[in-house]
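Overview (structure and organization)
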Amino acid sequence: NAGVTQTPKFRVLKTGQSMTLLCAQDMNHEYMYWYRQDPGMGLRLIHYSVGEGTTAKGEVPDGYNVSRLKKQNFLLGLESAAPSQTSVYFCASTYYWAGPQHFGDGTRLSIL
Amino acid sequence: ELKVEQNPLFLSMQEGKNYTIYCNYSTTSDRLYWYRQDPGKSLESLFVLLSNGAVKQEGRLMASLDTKARLSTLHITAAVHDLSATYFCAGVYNTDKLIFGTGTRLQVFP
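Residues numbered from 1 in each chain as written. Chains lettered and ligands numbered in written order. Predicted model: local features only at pLDDT ≥ 70, side-chain atom pairs only at ≥ 80, totals over all residues. Heavy atoms only, no water.

Comments concerning the overall build of chain B
Applicable threshold: Starting at the N terminus, helices and strands are each numbered in turn, a helix being any DSSP run of H or I of at least four residues and a strand any DSSP run of E of at least two. Based on C-alpha atoms, the radius of gyration is set beside the globule rule, defined as 2.2 Å times the residue count to the power 0.38. Each residue gets one of three labels from its accessible area relative to the maximum for its type: buried under 20%, exposed over 50%, partly exposed in between, using a 1.4 Å probe on protein chains only. Under the convention used here, a 1.4 Å probe and the Shrake-Rupley method define accessible areas, while residue burial counts only the protein chains that appear. In this tally, Asp and Glu contribute negative charge and Lys and Arg positive charge; neither His nor the terminal groups of the chain are included. All charge positions are set by atom: Lys at NZ, Arg at CZ, Asp at CG, Glu at CD.
Helix and strand content of chain B: zero helices and eleven strands. Taking 110 residues into account, the globule formula puts the C-alpha radius of gyration at 13 Å, and chain B, at 13 Å, falls close to it. When the 110 residues of chain B are sorted by exposure, 48% land in the buried category. As displayed, chain B has an accessible area near 5,400 Å², and 48% of this comes from carbon and sulfur atoms. Mean positive and mean negative side-chain charge positions of chain B (11 and 10 charges, respectively) differ by 2 Å.

Here is the structure:
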């Protein structure tokens, strides 16, 4: 059972480039989340989804877009990468609103 | 807007000792989560506390929730080196949004 899988694990971008991070879960979870983790700041919610075809903004949504076309996948897009978006990105999913969130291994993204 | 504060931010403790990590939150949160993160790794769910007075225990860790005081605690009993990690609490607002504390980095030494 793979759980939550994030692709890629590492990436280096130049300022202004765009890219998409992929999160896939095989647990049939309804809820999926994207977070970023910066040193000394804990995790901050970027966007989330409560079901296929739905998305909503979290704490820090600016500069990011998301899509949930299939229940098992949640994509995070950076439209025009900026150095301030250098971070570790985590995806998480849960089966119902009060359940524990299951996290992927993270994507370490550096923007030069 | 919900704010979550943990203290201490760093905790160095001797094996065999007891200690408590505190998690205060600013507004109503209908549940409280605790997670563990090892360096360079993902987050692992420890506890979900759903109601006032909830207490959950797993091994040497015990978590409790006091919604009236807006306080959750994570108590460590007879610490061992394997408990060294960063511990996060997270509250919830607008039903679905988790707000994390900044974490408590725990180091247990012999």
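Quick notes on the pairing of strand β10 (residues 97–100) of chain B
Remark: a regular strand shows side chains that alternate across the two faces of the sheet. Counted only if it meets this: At least two DSSP bridges between two strands are required for those strands to pair.
Where burial is concerned, the two faces of β10 of chain B agree: the one with Lys97 and Ile99 of chain B and the one with Leu98 and Phe100 of chain B are both buried. In sequence, strand β9 (residues 85–93) of chain B turns back onto β10 of chain B through a hairpin of three residues, with Asn94 of chain B there showing a positive phi of about 50 degrees.

Side note on unusual backbone geometry
In this structure, the amide linkage connecting Thr7 of chain A to the following residue, Pro8 of chain A, adopts the cis form with an omega of -5 degrees. Mapped onto the elements of the fold, Pro8 of chain A is located in the loop between β1 (4–7) and β2 (10–13). With an omega of 0 degrees, the peptide bond running from Asn7 of chain B to Pro8 of chain B counts as cis. Mapped onto the fold, Pro8 of chain B is located in the loop between β1 (4–7) and β2 (10–14). If you check the backbone angles, Asn28 of chain A has positive phi at about 60 degrees while not being a glycine. Its location among the elements puts Asn28 of chain A in the loop between β3 (19–25) and β4 (31–37). Asn28 of chain A gets classed as exposed once you look at its relative accessible area, which sits at 55%. Here Arg70 of chain B, not a glycine, exhibits a phi torsion of approximately 55 degrees, which is positive. Relative to the assigned elements, Arg70 of chain B resides in the loop between β7 (61–66) and β8 (71–76).

Some details on the environment of Ala92 of chain A
All names here are of chain A. Under the convention used in this document: Here, residues are in contact when the closest pair of their heavy atoms is within 4.5 Å.
You can see Ala92 is positioned in strand β9 (residues 87–94). When its relative accessible area of 0% is taken as the criterion, Ala92 is described as buried. In sequence terms Ala92 and Ala24 are 68 residues apart; their C-alpha atoms lie 9.5 Å from each other. Every residue in contact with Ala92, bar those within four places of it in the chain, is listed here: Tyr31, Met32, Tyr33, Tyr35, Gln101, His102 and Phe103.

As for the sheet that holds β1 of chain A
Residues and elements named next belong to chain A. To keep it simple, the criterion reads: For helices, the fitted line uses only the C-alpha atoms of the stretch in contact; every axis is such a line through C-alpha atoms, and the angle between N-to-C directions lies from 0 to 180 degrees.
Pairing within the open sheet is antiparallel, and its four strands lie in the order β1-β3-β8-β7. Pairing within the sheet leaves two strands with one partner each, and these edge strands are β1 and β7 (64–67). Strand-to-strand twist of the sheet, defined as the mean angle between neighbouring strand axes without regard to direction, takes the value 20 degrees. Strand direction decides the pairing type here: β3 and strand β8 (residues 73–78), joined by six bridges, are antiparallel. Across the sheet, residue Leu21 finds its bridge partner in β8, namely Leu76.

Focus on the interface of chain B and chain A
For the record, the criterion: Think of a salt bridge as a Lys or Arg side-chain nitrogen and an Asp or Glu carboxyl oxygen that are within 4 Å of each other. For this analysis, a polar contact is any N or O atom pair within 3.5 Å, provided that within protein one partner can donate a hydrogen and the other can accept it, and provided that sequence-adjacent residues contribute only side-chain to side-chain pairs. Note that Gly is not counted as nonpolar here; it falls among the polar residues with everything else outside the nonpolar set of Ala, Val, Leu, Ile, Met, Phe, Trp, Tyr, Cys and Pro and the charged set of Asp, Glu, Lys and Arg.
Taken together, the 20 residues of chain B in the interface contact 22 residues of chain A. For the pair chain B and chain A, the interface holds zero salt bridges. Counting the contacts that link chain B with chain A gives five residue pairs in polar contact (both at pLDDT 80 or more). Here the side of chain B that touches chain A takes four residues from β10 of chain B, the largest share from any one element. Residue classes in the side of chain B that touches chain A are distributed as nine nonpolar, six polar and five charged.

It is worth stressing that arrangement in space is one thing and function is another; only the former is reported here.
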